[in-house]
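Single-letter residue listing:
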Amino acid sequence: MCSICGCGEHKHHDHDHDHDHHHDHAHPHPHAPDQGRLLRIEQDILSENNRWAALNRKTFQEQATLALNLVSSPGSGKTTLLVKTIGMLKGKMPLAVVEGDQQTALDAQRIEATGIPAHQVNTGKGCHLDAHMVRHALETLPLGEGGVLFIENVGNLVCPAGFDLGEAAKVAVLSVTEGEDKPLKYPDMFRAASLMILNKIDLLPHLDFDVDACIGYAKRVHPNIGVIKLSARTGEGMEAWLAWIQAQQALLRVAG
Ligand SMILES: Nc1nc2c(ncn2[C@@H]2O[C@H](COP(=O)(O)OP(=O)(O)O)[C@@H](O)[C@H]2O)c(=O)[nH]1
Ligand SMILES: [Mg+2]
């Protein structure tokens, strides 16, 4: 298992220790590498990722493309939100989508049905996208001046927090069916995100979800986090989300 994200994807634990010890004895973990070695391996993975992320960021800047990394639990509504967003932005600016899932191309198919180019990345056992995967996706995806690249990460509130993809911002999508305590339970994700989208607010009348408490918890772990309440189903709140995207694009132009 990977000690950074626990995904078991990274091959670095195929250790090459010598076999001068017997395997029938009892000790906590016969294959545990020493802590110093683990730390070096983690640093290598993250610095390798950061090199690709820096390249991606340079490409996004050159193309004046706003890259947004959508992170959430499975089922919080990322793909639904993307389809709705594309419906409102299509024709106004160039759009493209990278879809990350362990298996299937179902989400890329949902995006392609809108007429927008999408590239599916299947991570297998991996629980997050990394910057190198996004780099490969960019080989096939057209980016356009002043456009947006949406990256839908693999669904979970843990692993994607630690991996920079070169995006301008991480956007955490939390749906009101998940419980208001999630920002406290998964603080790394809400600290890494610039914006929390509280989705499925159309369901609030049927739930005991405490919106104010949820926003309070998110601000406790990340005082500057932006918050937008919306329903990707009914469209309520979508205008605020589109305005946020435009504001981020304006920031990109200032930075560039
Ligand atoms: N009621 C309601 N359902 C939603 C909303 N957004 C998404 N869903 C539903 O939530 C489920 C998961 O959505 P999906 O977009 O696949 O989530 P993802 O796994 O984060 O990409 C689907 O059944 C959607 O129809 C919303 O705003 N309101
Ligand atoms: Mg999805």
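Treat the numbers as computed from the prediction; the structure is a model and nothing was measured.

1. Section: the side chain of Thr114
Within the secondary structure layout, Thr114 lies in the loop between α3 (106–112) and β3 (118–122). Of note is the side chain of Thr114, whose polar atom sits 2.5 Å from the backbone oxygen of Ile111. Polar contacts involving the side chain of Thr114 include one to the main-chain amide nitrogen of Ile116, which spans 3.4 Å.

2. A short note on the coordination of the magnesium ion (ligand 2)
On the protein side, the magnesium ion (ligand 2) has Thr79 (OG1), Asp107 (OD) and Glu152 (OE) as donor atoms, found 2.1 Å from it. Counting gaps between the donor residues of the magnesium ion (ligand 2) yields the pattern T-x27-D-x44-E. Pair noted here: Thr79 is in helix α2 (residues 78–89) and Asp107 is in helix α3, with a separation of 28 residues, a long-range link.

3. Some details on the site of ligand 1
Close contacts around ligand 1 come from 17 residues, with Gly75, Lys78, Thr79, Thr80 and Asp202 the closest. Here an oxygen atom of ligand 1 and a side-chain polar atom of Lys78 are 2.8 Å apart. Here Asn199 contributes a side-chain N or O atom positioned 3.2 Å from an oxygen atom of ligand 1. In isolation ligand 1 exposes 580 Å². Once the protein is present, 77% of that is buried. Element by element, the count of residues in the shell around ligand 1 is highest for α2, at 3 residues.

4. Observations concerning the pairing of β3
Each regular strand displays side chains that alternate between the two surfaces of the sheet. Note: strand β2 (residues 95–101) against β3, 5 bridges, orientation parallel. Each bridged residue has a counterpart across the sheet, and for Gly100 the counterpart in β3 is Val121. On the question of chirality, the crossover connecting β2 to the parallel β3 by way of α3 is right-handed.

5. Description of the sheet that holds strand β1 (residues 66–72)
The 7 strands are arranged β3-β2-β4-β1-β5-β6-β7 in an open sheet whose pairing can be described as parallel. In this open sheet, the two edge strands, each paired with only one partner strand, are β3 and β7 (226–229). On average, each strand axis in the sheet is tilted by 20 degrees relative to the strand beside it, whichever way the strands run. For strand β6 (residues 195–199) and β7, the ladder comprises 4 bridges, and the chain directions are parallel. Of the residues in β7, the one forming a bridge with Ile197 is Ile228. Relative to the sheet, helix α7 (residues 211–221) contacts β5 (169–175), β6 and β7, its axis offset from that of β6 by approximately 160 degrees.

Conventions we followed
- Residues numbered from 1 in each chain as written.
- Chains lettered and ligands numbered in written order.
- Predicted model: local features only at pLDDT ≥ 70, side-chain atom pairs only at ≥ 80, totals over all residues.
- Heavy atoms only, no water.
- Helix = DSSP H or I, 4+ residues; strand = E, 2+ residues; numbered from the N terminus.
- Polar contact = N/O pair within 3.5 Å; in protein donor to acceptor, adjacent residues only side chain to side chain.
- Donors = N, O, S within 2.8 Å, 3.2 Å for Na, K, Ca; no water.
- Near = heavy atom within 4 Å.
- Areas by Shrake-Rupley, 256 points an atom, 1.4 Å probe, with all protein chains shown as cover.
- Pairing = 2+ DSSP bridges.
- Right-handed = clockwise from strand over helix to strand, strands pointing away.
- Axes fitted to C-alpha atoms, helices over the stretch in contact; angles between N-to-C directions.
- Contact = heavy atoms within 4.5 Å.

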